[in-house]
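Each chain, written out:
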Amino acid sequence: MPLKYAGPKPLISAHGITFDQNKEDKFAYLSIVAELIQALDHNYQANERYTYLAKAEPLKADTILELIKSKDKNLLAEMEDRRLRVENEIADELTRASENKTLCQEECDVLIRNIELLRNYQISRGINKTVYYAGINIIAEEIKKGHIDYINAPMFPKFLHVFHSIQGALSKLHPPVDSNIDIHEHDGHLNVRLEVTFRG
């Protein structure tokens with residue numbers, strides 16, 4: 001199952017297909033997630049500060065997959081599980097479409113074709129989401145293990161999105177880890193900072 005960009009969330013109807021631009025494919029964030037994993041992969045010393053220079057180009061999909069797979073031994077099984085779940089959801093959608101009494105036969109046929117047309121698209125989005133959250137959970141575990149107090153990054157929307165996801169993953173750890181996102185200016189540039197507070 002290769003990783004590849006699919007696109008925003010599709011909205012499928014009997015009249016056509018539109019895309020929700022606010023629901024971006026998680027693939028768009030995977031390079032940042034993989035680079036954060038690389039950046040956090042240290043043996044941390046107390047009171048030491050680490051700097052990581054991000055690559056100019058996004059990492060290749062197979063590099064991202066190998067990196068996350070090396071940290072999450074269940075990743076391929078999780079990807080296959082997601083693929084099967086998406087296939088089941090598509091089968092349910094097709095059943096509902098074929099049994100829809102409010103559509104005429106032509107509309108019903110169009111809806112079924114549209115669902116089928118986006119089968120691989122939907123599967124790719126689902127797999128990308130699984131890999132993304134596997135990466136986010138790895139980052140949260142690294143933060144906890146290394147007692148990392150903060151991560152600074154340039155204030156780009158993609159970094160902010162990833163930091164919000166990390167925040168969610170930190171709150172689900174046992175015990176939960178508190179965190180805060182702060183946007184501040186440094187040397188004339190906006191930065192986003194994920195601040196982490198360990199209890200006890």
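Our subject is the structure listed above.
Below is a short write-up of the structure. The structure displayed is predicted, hence computed values, not measured ones. (Residues numbered from 1 in each chain as written. Predicted model: local features only at pLDDT ≥ 70, side-chain atom pairs only at ≥ 80, totals over all residues. Heavy atoms only, no water.)

### A short note on the side chain of Gln 122
Right, on to step 1. Here Gln 122 shows up in helix α5 (residues 119-146).
Right, on to step 2. Gln 122 gets classed as buried once you look at its relative accessible area, which sits at 18%.
Right, on to step 3. Discounting residues that sit within four places of it in the chain, Gln 122 has contacts with Pro 10, Ile 12, Val 86, Ile 90 and Glu 93. (Helix = DSSP H or I, 4+ residues; strand = E, 2+ residues; numbered from the N terminus. Buried < 20%, exposed > 50% of the residue type's maximum accessible area, 1.4 Å probe, protein only. Contact = heavy atoms within 4.5 Å.)

### So, unusual backbone geometry
Right, on to step 1. Going from His 174 to Pro 175, the amide bond is cis rather than trans, its omega being -10°.
Right, on to step 2. Its place among the elements puts Pro 175 in the loop between α6 (157-171) and β4 (178-186).
Right, on to step 3. The phi dihedral of His 147 is positive, around 45°, even though this residue is not glycine.
Right, on to step 4. Look at Asp 187: it is not a glycine, yet its phi comes out positive at around 50°.
Right, on to step 5. Tracing the backbone shows Asp 187 in the loop between β4 and β5 (189-197).
Right, on to step 6. Judged by its relative accessible area of 64%, Asp 187 falls in the exposed class.

### Thoughts on the packing of helix α1 (residues 27-40) against α6
Right, on to step 1. Contact geometry of α1 with α6 gives a least axis separation of 10 Å together with a crossing angle of 65°. Between α1 and α6, the angle falls in the class roughly perpendicular. For the crossing formed where α1 meets α6, the hand is right-handed. In this structure, α1 contributes Ala 28, Tyr 29, Ile 32, Val 33 and Leu 36 to the contact, and α6 contributes Lys 158, Phe 159, His 161, Val 162, Phe 163 and Ile 166.
Right, on to step 2. Partitioning the contact of α1 with α6 into residue classes produces 9 nonpolar, 1 polar and 1 charged. (Axes fitted to C-alpha atoms, helices over the stretch in contact; angles between N-to-C directions. Parallel < 35°, antiparallel > 145°, perpendicular 65-115°, else oblique. Left-handed = near helix turned anticlockwise from the far one by under 90°. Nonpolar A, V, L, I, M, F, W, Y, C, P; charged D, E, K, R; others polar.)

### Details of helix α3 (residues 75-99)
Right, on to step 1. For α3, which comprises 25 residues, the first-to-last C-alpha distance of 36 Å matches the rise-based estimate of 36 Å (1.5 Å per residue) to within 8%.
Right, on to step 2. Those residues of α3 that sit buried are Leu 75, Met 79, Arg 82, Val 86, Ile 90, Leu 94 and Ala 97.
Right, on to step 3. Against α2 (61-71), α4 (105-117) and α5 lie the buried residues of α3. (Expected span 1.5 Å × (residues − 1).)

### Here's the deal with the layout of surface pockets
Right, on to step 1. In this structure, the second largest pocket encloses a volume near 480 Å³.
Right, on to step 2. Lining the second largest pocket are 18 residues, and of these Lys 9, Gln 122, Arg 125, Gly 126 and Lys 129 sit closest to its centre.
Right, on to step 3. Of all elements in the fold, only β1 (9-13), α3 and α5 reach the threshold of two or more residues within the lining of the second largest pocket.
Right, on to step 4. At 5 residues, α3 tops the list of elements feeding residues into the lining of the second largest pocket.
Right, on to step 5. Across the lining of the second largest pocket, the residue classes tally to 4 nonpolar, 4 polar and 10 charged. (1 Å grid on protein atoms, 1.4 Å probe; cavity = no way out; pocket = protein on both sides within 12 Å on 5 of 7 lines; lining within 4 Å. Points joined across faces, edges and corners; volume = space filled by probe spheres on them.)

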